[in-house]
Amino acid sequence: MQINLIIIDKKGKDNLYSALIDHYIKIAKPFAKVTVIEVFDKDIAKAHDISPQMAQRSYTKALQKYINNGGYNIALNPSSKEVDSFDFANLLKDRQTINLYIGGAYGFESDFLTKCNKAISFGKITLSHKIIKVVLLEQIFRGLSIINNHPYHK
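As the structure is a prediction and not an experimental result, all values here were calculated from the model. (Residues numbered from 1 in each chain as written. Predicted model: local features only at pLDDT ≥ 70, side-chain atom pairs only at ≥ 80, totals over all residues. Heavy atoms only, no water.)

## Some words on the packing of aromatic side chains
The relation between two aromatic rings is expressed through the spacing of the ring centres and the mutual angle of the planes. Scanning the entire structure with this criterion turns up four aromatic pairs. Here the aromatic rings of Phe 31 and Phe 141 are separated by 6.3 Å at their centres, their planes lie at 40°, and the arrangement is tilted. Taken as a pair, Phe 31 in the loop between helix H1 (15-28) and strand E2 (33-39) and Phe 141 in helix H6 (residues 129-147) lie far apart in primary sequence, 110 residues in all. A residue is classified by how much of its surface remains accessible, and Phe 31, at 23% relative accessible area, is partly exposed. Look at Tyr 101 and Phe 112: their rings are 5.1 Å apart centre to centre, the planes differ by 85°, and that puts the pair in the edge-to-face class. (Phe/Tyr/Trp six-rings, centres within 6.5 Å; stacked < 30°, edge-to-face > 60°. Helix = DSSP H or I, 4+ residues; strand = E, 2+ residues; numbered from the N terminus. Buried < 20%, exposed > 50% of the residue type's maximum accessible area, 1.4 Å probe, protein only.)

Below, the structure is given as structure tokens:
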């Protein structure tokens with residue numbers, strides 16, 4: 001199984017969270033290969049200065065190549081249906097390639113969300129990109145643990 005976490009965020013290591021990110025990627029290895037892909041370019045930076053709608057459009061354009069590559073596409077979107085750990089595990093079950101998307105500061109445009117197979121929410125609170133990346137990686141490992149009857153979830 002290949003799980004890609006694709007996030008609109010500037011590339012680079014953040015010393016505060018990098019150890020946790022590396023930890024969850026490492027412990028997930030027996031069940032899946034997890035890759036974090038940070039996407040940010042000059043078009044996104046320029047669009048942020050223009051308007052929220054232009055920013056969302058730039059995210060869609062930047063993520064287009066990933067969504068067209070196949071796999072099961074899941075967007076994290078605060079207004080979508082909330083899922084618990086078991087619901088999330090079921091989304092991972094029996095899939096070869098899963099792409100999970102975390103949008104930029106202005107979220108996703110509706111056109112991008114309709115291209116995804118599913119849009120989910122982990123709750124109504126807003127978390128920074130760095131923290132949601134760690135939370136999502138933990139939930140990936142938890143979901144894989146549930147699917148594979150690993151004791152981590154208990």
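## Points about H1
For the α-helix, the turn length of 3.6 residues means that residues three or four positions removed from each other point alike. The terminal C-alpha atoms of H1 lie 21 Å apart, and with 14 residues this matches the ideal 20 Å at 1.5 Å per residue to within 8%. Looking at H1, one finds that the buried residues are Ser 18, Ile 21, Tyr 24, Ile 25 and Ala 28. All buried residues of H1 lie within an arc of 135° about the axis, which places them on one face of the element. Exposed residues pointing more than 90 degrees away from the buried face of H1 are listed as Asn 15, Ala 19 and Lys 26. (Expected span 1.5 Å × (residues − 1). Arc of directions from axis to C-beta.)

## Some points on the pairing of strand E4 (residues 97-102)
Among the six residues that make up E4, five are buried, leaving the element largely enclosed by the rest of the structure. Note: strand E1 (residues 2-8) against E4, six bridges, orientation parallel. Within the sheet, the bridge partner assigned to Asn 4 lies in E4 and is Asn 99. Inspection of the sheet shows strand E3 (residues 72-82) paired to E4 by five bridges, in the parallel sense. Following the sheet pairing, Ile 74 is matched in E4 by Leu 100. The β-α-β motif built from E3, the intervening helix H4 (residues 85-92) and the parallel element E4 has right-handed crossover chirality. (Pairing = 2+ DSSP bridges. Right-handed = clockwise from strand over helix to strand, strands pointing away.)

## Regarding unusual backbone geometry
For Asp 94, which is not a glycine, the phi torsion comes out positive at approximately 60°. Looking at the secondary structure, you find Asp 94 in the loop between H4 and E4. Of note, Asn 149 is a non-glycine position whose phi angle comes to about 55°, a positive value. Position of Asn 149 among the secondary structure elements: in the segment after H6.

## A look at the nonpolar core
By size, the foremost hydrophobic cluster in this structure holds 27 residues, and its most contacted members are Ile 3, Phe 88, Leu 100, Leu 136, Leu 137 and Ile 140. Put simply, the parts of the chain that give this core at least two residues each are E1, H1, E3, H4, E4 and H6. The leading source of residues in this core is H6, at seven residues. (Core = buried A, V, L, I, M, F, W, Y, C linked by side-chain atoms within 4.5 Å.)

## Regarding the sheet that holds E1
In spatial order, the strands read E2-E1-E4-E3-E5; together these five strands make up an open sheet with parallel pairing. A single partner strand is all that each edge strand has here, and the edge strands are E2 and strand E5 (118-121). With direction set aside, neighbouring strand axes in the sheet form an average angle of 30°. (Axes fitted to C-alpha atoms, helices over the stretch in contact; angles between N-to-C directions.)

## Comments concerning the environment of His 48
Inspection of the secondary structure assignment puts His 48 in helix H2 (residues 42-50). Given a relative accessible area of 25%, His 48 falls into the partly exposed group. C-alpha of His 48 to C-alpha of Lys 115: the two residues are 67 residues apart in sequence and 23 Å apart in space. Leave out the neighbours within four places in its chain, and His 48 touches Phe 40, Ala 55, Tyr 59 and Tyr 106. (Contact = heavy atoms within 4.5 Å.)

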